[in-house]
Amino acid sequence: MGFLHLFIVNKSGGLILHRPLGPNAPRIGTNEWLRIGSTFHSLHAIAAEAGPTKLPGNKNSSGADDGIEQIEGGGLVLKCLQTRTGIKFVLTAEPGTPDLDTVLREIYVLYSDCALVSIYLLNQFMYFDRRVTFVPH
């Protein structure tokens, strides 16, 4: 059990960050990550429209739009946290990994802290990368 990858997708489907989180994480090139990020963004939007049931006001418990929250499949769990601003934090893990929701919320707090504190973009992501590395597994 363990975390595999973290990727963050902005409101318009662009990949903000991708990071392998464990030794079992497959090595994927940057171009593939760009495709994965934009494809997930598109699937998330389609799922929000094509879902058989709608949440009240098409909003989930955190106030974000409907869409994919979790996918479980052969040896992989994908968990998504979409914020009110449309940024999607996506964590992949091995089945049985506990507390995916908690870890995603902690990563969101770290990201928000870095985005609001530092005025230099490069310093923000360097600081964020260091902090995500130390998220407990």
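Reference entry: report on the structure contained in this document.

Cut-offs applied
Residues numbered from 1 in each chain as written. Predicted model: local features only at pLDDT ≥ 70, side-chain atom pairs only at ≥ 80, totals over all residues. Heavy atoms only, no water. Helix = DSSP H or I, 4+ residues; strand = E, 2+ residues; numbered from the N terminus. Buried < 20%, exposed > 50% of the residue type's maximum accessible area, 1.4 Å probe, protein only. Pairing = 2+ DSSP bridges. Polar contact = N/O pair within 3.5 Å; in protein donor to acceptor, adjacent residues only side chain to side chain. Contact = heavy atoms within 4.5 Å. Axes fitted to C-alpha atoms, helices over the stretch in contact; angles between N-to-C directions.

Quick look at unusual backbone geometry
- Phi angles above zero are rare outside glycine, and D99 is one such case at about 60°.
- Relative to the helices and strands, D99 is located in the loop between β5 (88-93) and α2 (100-117).
- By relative accessible area, D99 is classed as exposed at 53%.

What to know about the pairing of β5
- By the criterion of burial, β5 is predominantly enclosed, with six of the six residues buried.
- Going residue by residue along β5, you find K88, V90 and T92 tucked away on one face and F89, L91 and A93 tucked away on the opposite face as well.
- Summarising the sheet, strand β1 (residues 3-9) and β5 pair through six bridges and their orientation is antiparallel. Looking at the pairing, H5 lines up with T92 of β5.
- Where strand β4 (residues 76-82) and β5 come together, six bridges link them in antiparallel fashion. Pairing of V77 across the sheet is with A93, part of β5.
- Linking β4 back to β5 in an antiparallel pair, the connection comprises five residues, with G86 at a positive phi of about 95°.

Here's the deal with the side chain of K79
- Looking at the secondary structure, you find K79 in strand β4.
- Of note is the side chain of K79, whose polar atom sits 3.2 Å from the side chain of D101.
- Ignoring anything within four residues of it in the chain, the contact list for K79 reads E69, Q70, F89, V90, L91, L100, D101 and L104.

So, the sheet that holds β1
- What the five strands build is an open sheet, ordered β2-β1-β5-β4-β3; its pairing is antiparallel. Bordering the open sheet on either side are β2 (15-20) and β3 (70-73), each of which pairs with just one other strand. Pairwise comparison of adjacent strand axes, ignoring direction, gives a mean angle of 10° for this sheet.
- Bridge analysis of β3 against β4 gives four bridges, and the strand direction is antiparallel. Counterpart to E72 in the pairing with β4 is V77.
- The strands touched by helix α1 (residues 30-50) within the sheet are β1, β2, β4 and β5, with β1 carrying the most contacts at an inclination of about 70°.

Purely spatial values, then, with no claim about function.
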